[in-house]
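Report on the structure
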Amino acid sequence: MDLLSNKWIVYLALCLFIAGISCNSVENKIYVKLNYTVPCVRLLNSTHQIGCQSSLSGDVGVLHVLESEENLDFVLRSGHNPPYMVIMESSLFTRPVMMKLKNGSSRVAGVAVVEPSANPPGGFSPHTRCPNENTGVYSENYGPGLAHCNTTKWNPFGNGLSYEEFDFPIFSMKDDNDTQLIRQCYMDHNRPVNGSDPQYPLCAMQLSSHMSAVTNTPTCMRRNSISFSMNMVCDPLSDYNIWAPSKPLNVSQNGHKANESVIIVSARLDSRSFFSEIGPGAESAASGLVTLLAAAHALRNATQDAQLDRTILYTFFHGETFDYIGSSKMVYDMEKNQFPIDLDNVHSVLEIGQVGLHSSSNLWLHTDPVSMRNSSVQEEVKNLITNLKSAAAGLNVSVKEPGVTQPLPPSSFQRFLRARPFPGVVIEDYNSSFSNKYFQSMFDNADSLNVLYPPNLTPEEQLNHVTDTAKSLAEVATMVARVLFLQAGGEKTQINSINADELMVSRMLYSFLISSNNSWTQEIISLKDIVHLNNNTVNFYISVEQQASLPTILVKYLLANLTGTAINVTQENCKKESEDNKETKHLYTYFWVQGAAPPNSTERDGFCVRSTVQWSRAISPAFALENYTTSEYSTWTESRWKEIKGRIFLVASHDLEMLTLGVGIGVLLSSLLLTYIMSSKADILFSSGREPTSATY
């Protein structure tokens, strides 16, 4: 290759490099990327799909800020520049508005909902009025008159939006600089003036959230299994259940434990909202699990000092929002002898539900009227209720019983009753319908639970400030701890010494509802897991991660630190205890946690925690059985996607776009013609004109 050719290759490479830089520069000048966007994603079960998605390349529409429900006519009928990308305040994010947009989807490219700074006073719940109605205990074969919420609608604010399917993208946006930019772009270019149509160029938005899975879970799982398919299209919703017995159980031997009687006390680990990455779950999840953690902490010394007849199993179920994934899996494992105990070992069940909003200090003790027809079950339930009333004595909590014919509310306990009759009580802060006006929504947050702090406190001061809600939940936790002590065989004379720690409750509420990344959580977590902590509210959505979610990680370490013991060994020996000690490795787990940093030092004083905390997979048995059409178990999956993004830009009129295209084609054809002419006449145009060297004179 000659020198001239090498130079042309270098020049060509340089031109391509400059062109690439220029393209990026041009893209940045044309588009403004939106930094904080959270999509509604597609979920599937055995029969259908729900949620939202965009087209493969994203959906584009002219921006329109919806100012009122009456303004919908412009989007659905009178506007001259469809399709529209509708921007709305959360007050307009209602079922009537969204269903009108859904029915007029040919003129709707997508929706962006601006997160509010305050919760709607009238309440909002995108869940159904009868949560998990098809996978609870009540059916045509068990209490048929109680099935499908025939006697009570547990979630009166439920509008069912989370279970609708939308064929356009719906995003949530923070009310920040991006939102202000969008509003300004709309005001400058799109807002009609004096009733006249706006002039081009118009402000437009593109939202991309194309989902790979379609139709239902059987379809997407079949596509996953095709051997020549390189890309999975959906994943089962899954995470981990966290549990810890009050005294060590040999976890290496599954099945029945002789002479072992177990009281299961449970809370749920998950929540959700319409948008997958916003699941604050303050009342629906955090209030119950914080109460159970505080009760377990209050019982640590009492259960170690007293010789109790029964073992208490502290249990946190994941995925209960989606047809009881976690509890179904544990019951299934117990039935199949794949768990350290079986159903014969279970004495009774106590579940802590939504307990953060108990008005007038009332808590309600819900029981199952069908299983109560069994005399032995009825006797044990009455004994449990008597113990609950004894445990509440002297506390700022009163307990009441609903009507004897009222069914159980949505609860994990229902999955145990599907297996066999068990004595059990579900503690809630409501009688016949949720006190929570924001069930399974983005508004089920710290404000809805009245977790409030005085102004001008630093984050560290907020962490250590005992809120009124923390004091209230500490009272509930004290009652729960005392009744568990009585149920396990403890003496009634000793229960007054069992009390939950208000500061501990307040710190847990702060960690789940305000910021998980704080000085306290950093002390009780291992170095490898500290990367999961962040400065935001914890998202309680179960998701499909192959590793544990942040709520699972936090509960695991909290339960270990609150019920376990710090042992005086080095970090290396802590690991050896976990792996090599044949006597204890099947009874205990060992965590090396960071510990506190002494004053004026960056080195932390880490320590080893020994506890009985264990975790097991929370995934529906339907996926182990490969029965994706079952109605017995949850079949929920989440679609995969490749790109989630949003951006705004100015769009020219259709006529100008056609003119630009025509001019471009004309220039291209002219260039091709000119190139052809020059090529055909090259010998004339580019001859050197020099005399031949052999010329003679």
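First, a word on what this report is: a plain description of the structure on this page. Residue numbers here run from 1 along each chain, matching the order of that chain's written sequence. Per-residue local features of the predicted model are confined to residues with pLDDT of at least 70, and side-chain atom pairs are confined, for both listing and counting, to 80 or more; whole-chain, interface and lining totals are unaffected and use all residues. Heavy atoms from the whole structure form the basis of all side-chain values; hydrogens and water molecules are not counted.

1. Overview of the nonpolar core
Convention followed: By nonpolar core is meant a set of buried Ala, Val, Leu, Ile, Met, Phe, Trp, Tyr and Cys residues that side-chain atoms within 4.5 Å join together. Accessibility here uses a 1.4 Å probe with only protein chains present; expressed as a share of the type maximum, an area under 20% marks a residue as buried, one over 50% as exposed, and anything in between as partly exposed. Helix and strand assignments follow DSSP, with helices taken as H or I runs no shorter than four residues and strands as E runs no shorter than two, numbered in order from the N terminus.
Within the largest apolar cluster, 89 residues are counted, with the highest numbers of intra-cluster contacts made by Leu289, Phe316, Ile427, Met479, Leu484 and Phe512. The leading source of residues in this core is helix α6 (residues 282-305), at 13 residues. Formed by 35 residues, the second largest nonpolar core is a distinct cluster that contains Phe74, Ile170, Leu202 and Met442.

2. Quick word on the packing of α6 against helix α11 (residues 468-487)
Going by this rule: To obtain each axis, a line is fitted to C-alpha atoms, and for helices this fit is confined to the stretch in contact; angles are then taken between N-to-C directions over 0 to 180 degrees. Oblique is the label for every angle not falling under 35 degrees (roughly parallel), over 145 degrees (roughly antiparallel), or within 65 to 115 degrees (roughly perpendicular). Left-handed describes a crossing whose near helix is turned anticlockwise from the far helix through less than a right angle; right-handed describes the clockwise counterpart. Two residues qualify as a contact provided that any one of their heavy atoms is within 4.5 Å of a heavy atom in the partner residue. Residues are grouped as follows: Ala, Val, Leu, Ile, Met, Phe, Trp, Tyr, Cys and Pro are nonpolar; Asp, Glu, Lys and Arg are charged; all remaining types, including Gly, are polar.
Relative orientation of the contacting elements α6 and α11 amounts to 50°, with a least axis distance of 8 Å. Classified by the angle between their axes, α6 and α11 sit oblique to one another. For the pair α6 and α11, the crossing hand works out as right-handed. Of the residues in α11, those in contact with Ser287, Thr291, Ala294, Ala295, Ala298, Leu299 and Ala302 of α6 are Leu473, Val476, Ala477, Val480, Ala481, Leu484 and Phe485. For the contact of α6 with α11, a count of residues per class yields twelve nonpolar, two polar and no charged.

3. Re the state of the cysteines
For clarity, the cut-off: In what follows, a disulfide is any cysteine sulfur pair within 2.5 Å.
Taken as a whole, this structure holds five disulfides when the rule is applied. Each sulfur of the disulfide joining Cys40 and Cys52 lies 2.1 Å from the other. Note on the Cys40 and Cys52 pair: the S-S dihedral is about 90°, so by sign convention the disulfide is right-handed. Here Cys40 is found in the loop between β2 (37-39) and β3 (43-44), whereas its partner Cys52 is found in strand β4 (residues 49-52), with twelve residues between them in sequence. We classify Cys40 as buried; its relative accessible area is 2%. Residue classification places Cys52 among the buried positions, given a relative accessible area of 0%. One disulfide bridge connects Cys574 with Cys608, the sulfur atoms lying 2.1 Å from each other. Judged by the torsion about the S-S bond (70°), the Cys574/Cys608 disulfide is right-handed. Separated by 34 residues along the polypeptide, Cys574 in helix α15 (residues 571-580) and Cys608 in strand β21 (residues 607-611) bring together distant segments of the chain. For Cys608, a relative accessible area of 0% translates into the label buried. For the chain, the bonded cysteines pair up as 1-2, 3-4, 5-6, 7-8, 9-10 when numbered in the order they occur along the sequence.

4. A word on helix α7 (residues 325-335)
Count 3.6 residues to each turn of an α-helix, and residues three or four apart come out pointing the same way. Among the eleven residues of α7, ten are classified as buried, and the element is accordingly described as predominantly covered. Looking only at α7, the buried set comprises Ile325, Gly326, Ser327, Ser328, Lys329, Met330, Val331, Tyr332, Asp333 and Met334. Positive phi shows up at Asn337, right after α7, with a value of about 55°.

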